[in-house]
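Given next are the chains, with one letter for each unit.
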Amino acid sequence: MLILFEIVLILIAFMNPQSKNIAKAIVLFMILLYGLNTYSGDFLTYQGVYNNISFYGLTHYEFLFSLLMMMCSKIGLTFIQFRMVLGIIYSILCYKNFSRYTKYTALALALSLIFPFTYYVSVLRAGIAAMIMLYSVRFLDAETRNGVVKFIVMMIVCTLFHYSSIFFLILIIDRKGVNRKYLFYIFLGTCVVAYVFNNLETFSMIVGNFTDRAKTLQWFSSTTNLNLNWKGILFQLIIVLANIFINRFGKKQIDRDTRFMNREFLYCSDRNLKFYQWFAGLSCNASYLIVVLIPFMFVNDVAMRFLWAVLGITICSCLNAVYISDLIRINMQGKRIGIVTIMQLVLVAYIIFVAIYANLPYMGTDNSATQLFFNNLLNFF
């Protein structure tokens, strides 16, 4: 029933991509789906820690997440109520981010319901960190004063929710532009670091000074080396390459349509057009930067979390391409033509492919992307 309701919301969003009421309905659905979930992936682990947070203290998870846990526990909230608090934080941040980066907010929210929302209902800390990162990429705009400093500060906040957020710092490269030659050197560097991760205990010892949590330490340990699943790694590589393709496709469409609008003097705020072009460039660069993390995919699944996080950027950028195309049709013909464009079809196909991967027993997955629909208190209403 919940899956059917989500499908209906997505279809309505396609027909009314700018509707604020539809966007608010999706946000409410996200909060309830997130907060009233009774099992998915890491549910029992988080529940066990939350119910015993006075014993675990502020060091079991990252500081800010542990502090939030402790505060909610102190005021007597149950674990489900704590999840509801997280659901409100996540969903509001998601709405604020999408409304900032694209006019098609309702459709962006609807597509995120397919993925990565289903993933972040399980991996709670990573989801909050991803939303903070998505909020922070606005500081990478060259016109933002002290943007790099602001971005670094926000990434520190991200890291205090999830240590893997350290990967997000690589986006700073976008401020100066992504040079393919430098990317190659960075790629070689990550190969060396991945080798060290996989064969030495140096990083595990360093991280051990900040946390004693076993799962976090295993990311940096050679003694818990994962058995390589070549089918899973192949899927990861396909997803990385497809991400590059769809971002290049969207950027080319935005550049082409922007040139057309400027040439034909069609109405559109110059500031918006400039922002959409910059954001498309950021999205493209982020997809290129993911390539340098490929060596880490042979170590564990943490590197893929970077791609799940930047998927929000990809969604907004591609929908901006659709929005500009629709704007041209409205200016020239007085209305949008059709509900679904090629860009939307490509984007939906990609997101569904990623969601299917995330629900299969491959390396880096946990079979949790659909469990939230069947394990939810909403099913009792």
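Residues numbered from 1 in each chain as written. Predicted model: local features only at pLDDT ≥ 70, side-chain atom pairs only at ≥ 80, totals over all residues. Heavy atoms only, no water.

Draft legend 1. Spotlight on the nonpolar core. Grouped together as the largest cluster of nonpolar side chains are 124 residues, with contacts concentrated most on L111, M133 and W308. For this core, the leading source of residues is helix 17 (residues 302-333), giving 18 residues. Residues contacting M133, with those up to four places away along its chain left out, are M155, C158, F168, L171, A309, V310 and I313. (Core = buried A, V, L, I, M, F, W, Y, C linked by side-chain atoms within 4.5 Å. Buried < 20%, exposed > 50% of the residue type's maximum accessible area, 1.4 Å probe, protein only. Helix = DSSP H or I, 4+ residues; strand = E, 2+ residues; numbered from the N terminus. Contact = heavy atoms within 4.5 Å.)

Draft legend 2. Highlighting unusual backbone geometry. A cis amide bond links F115 with the next residue in sequence, P116, at an omega value of 15 degrees. Positionally, P116 belongs in the loop between helix 7 (105-114) and helix 8 (117-120).

Draft legend 3. Seen up close, the pattern of salt bridges. Evaluation of the coordinates by the stated rule reveals three salt bridges. Of the charged contacts, one joins K251 and D255 as a salt bridge, the two residues approaching to 2.9 Å between their closest N and O atoms. Within this pair, K251 and its partner D255 are both found in helix 15 (residues 230-264), separated by four residues, close to a single helical turn. A relative accessible area of 26% places K251 in the partly exposed class. Note that D257 is salt-bridged to R256, the shortest N-O span being 3.2 Å. By relative accessible area, D257 is classed as buried at 7%. Among the residues examined, R256 registers a relative accessible area of 46% and is labelled partly exposed. (Salt bridge = Lys/Arg side-chain N within 4 Å of Asp/Glu carboxyl O.)

Draft legend 4. Geometry of empty space enclosed by the protein. Across all of its chains, the model carries four cavities of 30 Å³ or more by this definition. By volume, the largest cavity is sized at about 60 Å³. Elements with a contribution of two residues or more to the lining of the largest cavity: helix 9 (124-136) and helix 17. The dominant element in the lining of the largest cavity, judged by the number of residues it contributes, is helix 17, at three residues. Residue composition of the lining of the largest cavity, grouped by class: seven nonpolar, three polar and one charged. Its boundaries defined by the atoms lining it, the second largest cavity holds a volume of some 50 Å³. Along the walls of the second largest cavity sit Y90, C94, F98, S112, P116, M131, L134, W308, A309 and G312, which together make up its complete lining. Looking at the lining of the second largest cavity, the elements with two or more residues in it are helix 6 (79-101), helix 9 and helix 17. (1 Å grid on protein atoms, 1.4 Å probe; cavity = no way out; pocket = protein on both sides within 12 Å on 5 of 7 lines; lining within 4 Å. Points joined across faces, edges and corners; volume = space filled by probe spheres on them. Nonpolar A, V, L, I, M, F, W, Y, C, P; charged D, E, K, R; others polar.)

Structural measurements only, silent on function.
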